[in-house]
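# Notes for the structure review
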Amino acid sequence: MTCEKRLEYRADIDYLRALAVVAVIGFHYDLPGFGGGFVGVDVFFVISGYVIARLIWSEIGAGSFSFVRFYERRARRLLPALYLMILSTGVVAWFVAPPDDYRMFFGSAVSALLFSSNIFFWLQTGYFDLPTVGKVLIHTWSLSVEEQFYFLFPVVTWLWSRLFADPTSRRSLGLVVAGTVALCVLNELWIKQSASAAFYVAPLRAWEFLVGSIVFLGHRWSPVRRPTRLLLASLGFAFMLLPVVAFRPETRFPGFNALLPCLGAALYILAFNQEKGRPALPFGTFGARLGRLSYSLYLWHWPVFVLGRAALPLEAAGSVFATAALLLLTVLLAFLSYVLVERPARERIEWRGVPGARLIACAAVVLIAIGAHGYSNDGYAQRFPQSQARMIRYNSQTVAPFYRTHSCFLQPDEPLSAFDMKDCLRPVANKRNVLLAGDSIAAHYDWGLRSYFPSDSVQLLQLTAASCAPFVELDQAKVRSCNEMNQLLRAQIKARRFTGLILSGNWRVYSEFYGRRDATSFHDYLRSLLAAADEAGIPVLLLGPSLEFPAPLAATLFNYERSHLPAGKSFMPIEGAFKADDRMREIARSYPSVQYVSILDAICRARECPLKVAPETPITWDIIHLTPEGSRFVVAQLKPQLDAFLSRLQTAPAGDTEELMAGSGVPAPQNHLPSQVQ
């Protein structure tokens, strides 16, 4: 296999890029049939592994490989278009981004420029979280993973070439396959430790690039017969398209589930490896042309979607016409970016006598300086009047003390060891010990309840974890401590560690999600928990679904007061919350010890719900989580129900505390320091 053959233009590779980018855009734009379109990124990783292995090994074989030339080519290929997108996005975001979001934009921009945005977003947010202007560059995480791969892979490949004169030998290929399998297994195992790390961290995704490298190294075994190649290509298409249609954001991913699209891409490339007799592709010319635009399409599609929707009223932003317009704008910007920046930068080594690498380095320094200044100046909050800035002063970091985050309220990646047993679960003698249990919705009531309950007679305990439904029968491995937290909750109930239980959760989401597969699942899970408390003789105050809006309330109020555009349905609570409220009311009636409280009935009148608790303070800071003032407001509306609940509770007798702490089946308490995981 000669060097020239290896470096021939592969229209089928560009066609595969087109499939991958269409899948990703379809997923991000929430198009029907693209629920698992995020696997397009995994296809890109396989393509990159193949292309880079092909390039490096062919140059090593010809004796012409140069590290400097390799990195310089990669820089010209990727960075100029990236810089243009970041700069343009920052200019537009100036007009639509609230200060906290703008600050996060600058932080993510600097991390993208330093090839580490995957680490930034791993520490800051989840890939499948709701889109915000602050996460307008979240799609650059995959570029950072690729860039980190590009830094290390040439070195490893060069060292490998010193060990194996023929990298396609069975021994060499066997070792690469073994390493790939080991990394894939590690990726799968790591999901339980930290699903976010398994998704974002480059070493845990390296096996996907190695799959592409294996396809290149196994070139000599590529099929020649047309029927075999058609079969492999068809299987490849099926393996890639099936997860696009069948997967969902809640699918356990990546790990073994990522094998399907990766193997699909590998089989597809393998089918087209041999030059002669390649199968014809449907709309092949169009697909190849679209594939050549794939990088620019990927760069621009997400900023256009996020900023475009942020600039439109909510009822218009989600319309079919708006989506179509944003898609057309994406294609137009991608075409201009490709023609004016991406293609010229790849073809020109210098510009007016100045080496391209030097220009790229200077541009990076300037952009990093701008990003660092914007981040250190808190997103230029002075752009807006103080009253508007106060409207959006809360986010997940600023409410952390009010929710008791990292001690009594664990984040998805935090282990149970981060939970402060002594501070959060130790009952107190001669007081009514009340446990607040559930997910982040339960945690947002803590501040209001703690302020309302008389501290001399009521001890409020807290056992909460983000995105963790309080159902012990349900395996929730994607949240690291969830299963253990739920087991601890059941053990606490069985041991009667407290005299009353306040239970809350994101009931609308749980009822709709678990009801999709089995209409009785949510009911069974909730009834099991209520039955356990009923059997233990513990009174339960079951708080119904929380007030929920279709868009982040604080940011929507902020934009409304700035633009005075019609708000439409932006301020109308989500109808599904009221339906879930009715379902839960029916379930609670089966248990005499359960006192059901409808939050929506308490604070809303005829579906008209409060938006603010003070002129500059919204009731929620995102779509559902209460601000500290909102928590106090809601709890104050529940005074009759709370007083009735407290009247049912007994005071724990003196001297029982230590005995309870050592109760059978209850994990021994430990005074752990709060985790520093953000």
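Residues numbered from 1 in each chain as written. Predicted model: local features only at pLDDT ≥ 70, side-chain atom pairs only at ≥ 80, totals over all residues. Heavy atoms only, no water.

## Focus on the overall build of the chain
If you tally the helices and strands in the chain, you get 31 helices and ten strands. Its C-alpha radius of gyration of 28 Å places the chain within 12% of the 26 Å reference for a compact globule of 678 residues. Along the first, second and third principal axes, the C-alpha set of the chain runs to 85 × 55 × 40 Å. When the 678 residues of the chain are sorted by exposure, 56% land in the buried category. Taking all contacts inside the chain whose residues are at least 6 apart in sequence as the whole, residues at least 24 apart take part in 80%. Surface exposure of the chain reaches about 28,800 Å², of which carbon and sulfur atoms provide 62%. Side-chain charges in the chain split into 64 positive and 53 negative, and the spacing between the mean points of these groups amounts to 8 Å. (Helix = DSSP H or I, 4+ residues; strand = E, 2+ residues; numbered from the N terminus. Rg over C-alpha atoms; globule rule 2.2 N^0.38 Å. Buried < 20%, exposed > 50% of the residue type's maximum accessible area, 1.4 Å probe, protein only. Contact = heavy atoms within 4.5 Å. Areas by Shrake-Rupley, 256 points an atom, 1.4 Å probe, with all protein chains shown as cover. Lys, Arg positive; Asp, Glu negative; His and termini not counted. Charge placed at Lys NZ, Arg CZ, Asp CG, Glu CD.)

## Observations concerning helix 13 (residues 284–292)
Along helix 13, the positions that sit buried rather than exposed are G287, A288 and G291. Buried residues along helix 13 cover an arc of 100° about the axis, so they all sit on one side. In this structure, helix 13 carries T285, F286 and R289 as exposed residues pointing more than 90 degrees from its buried face. Taken together, the buried residues of helix 13 touch helix 2 (11–28) and helix 14 (294–311). (Arc of directions from axis to C-beta.)

## Considerations on the pattern of salt bridges
In the structure shown here, the tally under the stated rule is 24 salt bridges. Here E342 ties to R77 by a salt bridge, and the two come within 3.0 Å at their closest N and O atoms. Placement of the pair is E342 in helix 16 (residues 320–347) and R77 in helix 4 (residues 67–96), with a sequence separation of 265 residues. Take E342 and R77: they sit in the same class, and that class is buried. The salt bridge involving D643 is made with K639; its shortest N-O contact spans 2.8 Å. (Salt bridge = Lys/Arg side-chain N within 4 Å of Asp/Glu carboxyl O.)

## A short note on the confidence of the model for the chain
Taken over all residues, the pLDDT of the chain has a mean of 88, while the share at 70 or more is 91%. Put simply, helix 1 (residues 3–6) is where the chain has its lowest mean pLDDT, 40, and helix 29 (residues 628–637) is where it has its highest, 97. A low-confidence stretch, residues 1–6 (pLDDT under 50), is modelled with nine contacts involving residues beyond four sequence positions or located in other chains. (pLDDT = per-residue confidence, 0-100.)

## Overview of the packing of aromatic side chains
Under the defined criterion, the tally for this structure stands at 43 aromatic pairs. Between W302 and F305 the ring centres are 5.4 Å apart and the planes differ by 20°, which places this aromatic pair in the stacked class. Residue W302 and its partner F305 are both found in helix 14; the two are separated by three residues, about one turn of the helix. Both residues of the pair, W302 and F305, count as buried. Aromatic ring contacts, followed pair by pair, group F45, W141, F149, Y150, F153, F199, Y200 and F209 into a single cluster. If you follow R74 out to its NZ or CZ, it ends over the ring of Y150, 5.3 Å from the centre. Over the ring of W94 we find R383, and its NZ or CZ is 5.2 Å from the ring centre. (Phe/Tyr/Trp six-rings, centres within 6.5 Å; stacked < 30°, edge-to-face > 60°. Lys NZ or Arg CZ within 6 Å of the ring centre and 35° of its normal.)

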